[in-house]
Amino acid sequence: MQTTSTLNIDHIRAEFPTLSNGFAYLDNAGGSQVLRRVADRVRDYLLTSSVQLGASYAHSQDAGSKVLAARKSVAELINAEYDDEVVMGGATTALMFQVTQAILPSIQPGDEIIVTNTDHEANIGGWLRLQSAGAVVRFWNVNPQTLELDLSDLEKMLSPRVKWVAMTHASNILGTVNPVAKVADLVHHVGARLCVDAVAYAPHRLVDVRASGADLYVFSFYKVFGPHYAVLWGRRELLLSLASLNHYFIPNDTLPYKLQPGNVNYELSYGCIGINDYLTDVGTQLGVKGSSRQKMQAAFDAFEHHEDRLAEQLLSYLRSKKNVRIIGLPEAKSGQRVPTISFMVDGKMSESIVRHTDRFNIGIRFGDFYAKRLIESLGLHVWGGVVRVSIAHYNTVAEIDHLIRHLDEAIG
């Protein structure tokens with residue numbers, strides 16, 4: 001069978017029930033639409049397997065097998081070496097607060113932690129709490145001219161005192177894909193560790209935690225076509241070294257349970273299997289033979305190709321408007337950005353633009369998107385933040401045309 005990089009968009013959209021209602025969902029960085037496969041699995045678990053795990057009776061054993069299968073499925077999705085490296089919880093913010101709490105006992109006064117001012121606060125707030133143990137938190141700031149994180153700036157900040165660096169794989173404002181593997185090399189050279197927030201990256205590229213070079217890697221499934229749930233991956237030896245967050249009688253080598261107080265949400269975990277099922281099916285539809293990872297990679301390659309086309313359609317329009325400032329890379333090319341596009345209009349509050357498009361069955365958004373430090377550092381808070389259009393692979397050329405037509409009315 002010959003492979004192709006072209007998505008069957010009708011087949012794709014049929015997988016997402018809400019897309020049949022005629023609304024243009026272009027706030028996908030806030031939360032993607034949910035696959036029917038995911039919802040069906042959540043429903044199936046609740047109606048057939050809603051018992052406590054760990055008992056000797058057959059129904060409990062079957063339920064436990066389903067939850068374990070979910071963990072293994074997530075491990076495959078992110079390319080974890082061991083499935084017990086997969087820690088799941090309610091949201092990226094919650095998981096980051098949990099893991100930094102587990103790191104807290106290892107912090108000594110004077111230890112340095114580097115965070116960026118481009119991140120969602122989820123990957124900043126937890127680290128700031130380590131100041132209570134004497135940690136010194138320093139900011140790696142974006143270059144205000146290029147809107148990039150300069151590696152040379154990071155190199156100047158690195159020293160043997162640095163224990164952790166935390167950064168985003170892709171900014172949820174700028175859309176820029178950061179070179180996390182290069183950062184990992186620099187960080188590891190001084191004996192420090194890297195934590196990567198991939199919430200804005202994972203819906204657009206196939207995650208490979210091992211290739212990322214990170215020591216911790218986190219994102220939310222509800223941005224990746226799944227339920228309102230999240231995953232934190234960590235290198236096994238690192239997770240084993242962390243303090244337990246669970247009951248005193250839970251052995252410290254019990255991964256991932258020691259970092260999942262109250263255990264996982266069973267039905268949402270089971271629902272996540274539907275994400276893998278969908279991605280491998282898309283890869284099969286594209287004509288790919290081979291492993292599930294190969295099929296998932298083909299799916300994401302096709303997603304990227306389609307999303308770049310839609311992103312460039314919008315960016316080209318925005319570039320044509322002299323009163324518009326694109327906040328991030330102005331073109332979609334060479335894999336350097338995801339289709340999360342932020343902009344502002346000279347002299348206009350961002351809210352006014354979005355309130356106008358609200359009237360036409362279009363879902364976009366304005367604000368700081370919890371990347372408040374970035375918005376304030378660029379002086380964009382005075383305009384109510386940015387207008388953000390965040391595209392997913394199930395969006396269409398017609399939807400972007402519809403958006404542009406009504407944006408033009410508001411932008412002038």
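Here the structure is a predicted model, which means the values were calculated and not measured.

**Topic: the overall build of the chain**
(1) Moving on: Scanning the chain from terminus to terminus reveals 15 helices and 13 strands.
(2) Moving on: Relative to a compact globule of 412 residues, whose C-alpha radius of gyration would be 22 Å, the chain shows 22 Å and is just as compact.
(3) Moving on: When the backbone C-alpha atoms are referred to their principal axes, the chain occupies close to 65 × 50 × 40 Å.
(4) Moving on: Here the chain holds 412 residues, and 56% of them are scored as buried.
(5) Moving on: Within the chain, contacts between residues at least 6 apart in sequence are counted, and of these 68% link residues at least 24 apart.
(6) Moving on: Of the accessible surface of the chain, which amounts to about 16,800 Å², a share of 50% is contributed by carbon and sulfur atoms.
(7) Moving on: The distance from the centre of the 39 positive side-chain charges to the centre of the 43 negative ones in the chain is 2 Å.

**Comments concerning the environment of Thr-396**
(1) Moving on: Relative to the helices and strands, Thr-396 resides in the loop between strand E13 (386-390) and helix H15 (397-411).
(2) Moving on: A C-alpha to C-alpha distance of 18 Å links Thr-396 and Glu-331, two positions 65 residues apart in sequence.
(3) Moving on: Once residues within four sequence positions are removed from consideration, Thr-396 is found in contact with Ile-9, Arg-13 and Leu-310.

**Focus on the UniProt feature "domain: Aminotransferase class V" (unreviewed entry) in the chain**
(1) Moving on: Here the UniProt-annotated "domain: Aminotransferase class V" (unreviewed entry) positions come out as residues 25-403.
(2) Moving on: Regarding residues 25-403, the helix share stands at 39% and the strand share at 15%, and the terminal C-alpha atoms are separated by 10 Å.

**Brief notes about the packing of helix H2 (residues 36-48) against helix H3 (residues 58-78)**
Packed helix pairs are specified by the crossing angle of their axes together with the interaxial distance, meaning the distance between the axes.
(1) Moving on: With their axes 11 Å apart at the nearest point, H2 and H3 run at an angle of 160° to one another. The orientation of H2 with respect to H3, classified from their angle, is roughly antiparallel. As H2 packs across H3, the resulting crossing turns out to be left-handed. The segment H2 lies against H3, with Asp-44, Tyr-45 and Thr-48 engaging Ala-63, Lys-66 and Val-67.
(2) Moving on: Grouping the amino acids of the contact of H2 with H3 by side-chain chemistry returns 3 nonpolar, 1 polar and 2 charged.

**Quick look at helix H11 (residues 273-285)**
(1) Moving on: Between its terminal C-alpha atoms H11 stretches 19 Å, which fits the 18 Å expected from 13 residues at 1.5 Å a residue.
(2) Moving on: Where burial is concerned, most of H11 is hidden: 10 out of the 13 residues are buried.
(3) Moving on: When H11 is considered as a whole, its buried residues turn out to be Ile-273, Gly-274, Ile-275, Asn-276, Tyr-278, Leu-279, Thr-280, Asp-281, Val-282 and Gly-283.
(4) Moving on: For H11, the secondary structure elements touched by its buried residues are helix H1 (9-14), H2, H3, helix H10 (266-271) and helix H12 (292-319).
(5) Moving on: Immediately downstream of H11, the backbone of Gly-287 shows phi near 95°, a positive value.

**Quick notes on the sheet that holds strand E12 (residues 365-367)**
(1) Moving on: Spatial strand order, E9-E10-E13-E12: 4 strands in an open sheet with antiparallel pairing. Every interior strand has two partners, whereas the edge strands, strand E9 (324-326) and E12, have only one. Direction aside, neighbouring strands of the sheet carry axes that sit 35° apart on average.
(2) Moving on: With 3 bridges joining them, E12 and E13 adopt antiparallel strand pairing. Note that in E13 the partner of Arg-365 across the bridge is Arg-388.

**Here's the deal with unusual backbone geometry**
(1) Moving on: At the junction of Leu-255 and Pro-256, the peptide bond is cis and its omega measures out at -5° in the coordinates.
(2) Moving on: Secondary-structure assignment places Pro-256 in the loop between helix H9 (236-241) and H10.
(3) Moving on: In the Ramachandran plot, Leu-147 falls in the positive-phi region, its phi being about 60° despite a non-glycine side chain.
(4) Moving on: By secondary structure assignment, the location of Leu-147 is in the loop between strand E4 (136-140) and helix H6 (151-157).
(5) Moving on: By relative accessible area, Leu-147 is classed as buried at 8%.
(6) Moving on: Phi is positive for Asn-263, close to 70°, though the residue is something other than glycine.

**Re the nonpolar core**
(1) Moving on: Counting residues in hydrophobic clusters, the biggest one holds 87 residues, and the most contacted among them are Tyr-217, Phe-219 and Phe-221.
(2) Moving on: Looking at this core, the element that brings in the most residues is H3, giving 7 residues.
(3) Moving on: Mapped onto the domain boundaries, this core takes at least three residues apiece from domain 1 (9-33 + 291-411) and domain 2 (39-275).
(4) Moving on: Phe-219 has contacts with Ile-78, Thr-92, Ala-198, Val-199, Ala-202, Val-207, Val-224, Ala-230 and Val-231, leaving out every residue within four places of it along the chain.
(5) Moving on: With 27 residues, the next largest nonpolar core counts Ala-24, Ile-364, Ile-391 and Leu-407 among its residues.

Thresholds applied
- Residues numbered from 1 in each chain as written.
- Predicted model: local features only at pLDDT ≥ 70, side-chain atom pairs only at ≥ 80, totals over all residues.
- Heavy atoms only, no water.
- Helix = DSSP H or I, 4+ residues; strand = E, 2+ residues; numbered from the N terminus.
- Rg over C-alpha atoms; globule rule 2.2 N^0.38 Å.
- Buried < 20%, exposed > 50% of the residue type's maximum accessible area, 1.4 Å probe, protein only.
- Contact = heavy atoms within 4.5 Å.
- Areas by Shrake-Rupley, 256 points an atom, 1.4 Å probe, with all protein chains shown as cover.
- Lys, Arg positive; Asp, Glu negative; His and termini not counted.
- Charge placed at Lys NZ, Arg CZ, Asp CG, Glu CD.
- UniProt positions renumbered as here; feature names shortened; annotations may be inferred.
- Axes fitted to C-alpha atoms, helices over the stretch in contact; angles between N-to-C directions.
- Parallel < 35°, antiparallel > 145°, perpendicular 65-115°, else oblique.
- Left-handed = near helix turned anticlockwise from the far one by under 90°.
- Nonpolar A, V, L, I, M, F, W, Y, C, P; charged D, E, K, R; others polar.
- Expected span 1.5 Å × (residues − 1).
- Pairing = 2+ DSSP bridges.
- Core = buried A, V, L, I, M, F, W, Y, C linked by side-chain atoms within 4.5 Å.
- Domains from an automatic or database assignment.

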